[in-house]
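Chain by chain, the residues:
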Amino acid sequence: MFESAIHSLLLRMDPETAHSLAMSGLRRLQQVAPALRRFERQHRVVDSRLAQEIWGRQFLNPIGLAAGFDKDAFAVPALAAMGFGFLEVGTVTPKPQAGNPRPRLFRHRELRSLQNAMGFNNAGMESLRRRLAENWPPPVPIGVNIGKNRHTELSAAAEDYRVLVRHLRAKADYFVVNISSPNTPGLRDLQQSEAVARLLEVCQKEADTPVLVKLSPDMEDQAAADLAHVAVDGGAAGLVLTNTTVDYELVPEALPVGGLSGRVLRRRSLELLNVVASEVFGRCVLISVGGIESATDVYARLRAGAHLVQIYTALIYGGSRIVREINEGLLSLLDQDNVADVPSAVGLDV
Ligand SMILES: Cc1cc2nc3c(=O)[nH]c(=O)nc-3n(C[C@H](O)[C@H](O)[C@H](O)COP(=O)(O)O)c2cc1C
């Protein structure tokens, strides 16, 4: 009751203010151990059928928090207690940066979608390292999503990714090379073969940690398929599909700024997963993200070849109970189809 009252209040406020308030609430919660334990009891679904071992780590369920929600890893214990199977923090850049001027986050509420032009606002890699160290070891696997600083020339981008991996390698279960945000000018130009191969090489030289690449939904199918091969051949441990879209026609009243996420992205995200899975399924881990808001959505992504999924926008509209609802719903769907567990569901339709 209390939680849903707070949630509807937050949805009536300016989106970025609401986000800051929610983050403060989560930070306060994790400072009070009994409250955190109670929150976890209310939210976490414990069932071995949801679990998978990936890269030698236990993922207790396949639902992760997408990058950008907790860019600076301020709320890892509370978000883990919310029931997520894993968390992706970042995007982090080497130096702190303020991001784009506000307003830069907008709701399209009737479409259950968001539009953001944040521009990698974050406290930088040293702050992130300290935050992660404070709560080490983390209760769930942690991915660190890395990006270049806005003012780093594209020709020097690899150096930013290299220092990020070097600085954070002891505090990440996996890295995601983010070359698909629409809010850092030129970043998406790195989505071509030589650049991807080079970035992977540079990152892998610095650490044994699995390195993944996050792709945009706005590439042609063939370009995404080709890039997926380049990434896997270059040693990528996985692909994250997808970032936000700049297809502004999806939202009639959208201003042409930033990227769209949520329900309007759902179809393209699933489509691109199908394209990429048919090319590289079995050769790397696929993480599907974009417009996922229900257990049915998650089940469809698993069957299409995703090992893991992530949500962001659905958490904003659905509130903290959504993780539990999805995990419980997923168990019912497995039962209904006589599928033993999540690993057995992955890739059935490929
Ligand atoms: C406000 C906001 C900030 C985001 N920041 C990042 C980011 O820093 N790095 C990143 O890789 N993706 C970022 N994303 C994209 C999400 O991680 C995700 O790929 C996208 O929102 C699609 O998932 P969804 O439909 O469940 O929201 C952001 C999304 C939103 C809405």
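Structure shown above.
No experiment lies behind these values; they were computed from the predicted model shown. (Residues numbered from 1 in each chain as written. Predicted model: local features only at pLDDT ≥ 70, side-chain atom pairs only at ≥ 80, totals over all residues. Heavy atoms only, no water.)

A. How the structure looks around the packing of helix 5 (residues 125–134) against helix 6 (residues 157–168). Contact geometry for helix 5 and helix 6: axes closest at 10 Å, N-to-C directions at 25 degrees. By the angle between their axes, helix 5 is roughly parallel relative to helix 6. Judged by the twist between their axes, the crossing of helix 5 over helix 6 is right-handed. Along its contact with helix 5, which presents Met125, Glu126, Leu128 and Arg129, the element helix 6 presents Val163, Leu164, His167 and Leu168. A class-by-class count of the residues in the contact of helix 5 with helix 6 yields five nonpolar, one polar and two charged. (Axes fitted to C-alpha atoms, helices over the stretch in contact; angles between N-to-C directions. Helix = DSSP H or I, 4+ residues; strand = E, 2+ residues; numbered from the N terminus. Parallel < 35°, antiparallel > 145°, perpendicular 65-115°, else oblique. Left-handed = near helix turned anticlockwise from the far one by under 90°. Contact = heavy atoms within 4.5 Å. Nonpolar A, V, L, I, M, F, W, Y, C, P; charged D, E, K, R; others polar.)

B. Layout of the packing of helix 8 (residues 221–233) against helix 9 (residues 266–280). With their axes 9 Å apart at the nearest point, helix 8 and helix 9 run at an angle of 50 degrees to one another. Looking at the two axes, helix 8 sits oblique to helix 9. Considering only the axes of helix 8 and helix 9, their crossing is right-handed. Contact with helix 8, carried on its side by Asp221, Ala224, Ala225, Ala228, His229 and Val232, involves Arg268, Leu272, Val275, Val276, Glu279 and Val280 of helix 9 and no other residues of that element. In terms of residue class, the contact of helix 8 with helix 9 is made up of eight nonpolar, one polar and three charged.

C. Quick peek at the sheet that holds strand 11 (residues 259–262). Strand order in the open sheet formed by three strands is 5-6-11, and the pairing between neighbours is antiparallel. Strand pairing shows two members of the sheet lacking a second neighbour, strand 5 (105–108) and strand 11, which therefore form its edges. Geometrically, the sheet is characterised by an average inter-axis angle of 25 degrees between neighbouring strands, direction not taken into account. Examined bridge by bridge, strand 5 and strand 6 (residues 113–116) share four bridges and lie antiparallel to one another. (Pairing = 2+ DSSP bridges.)

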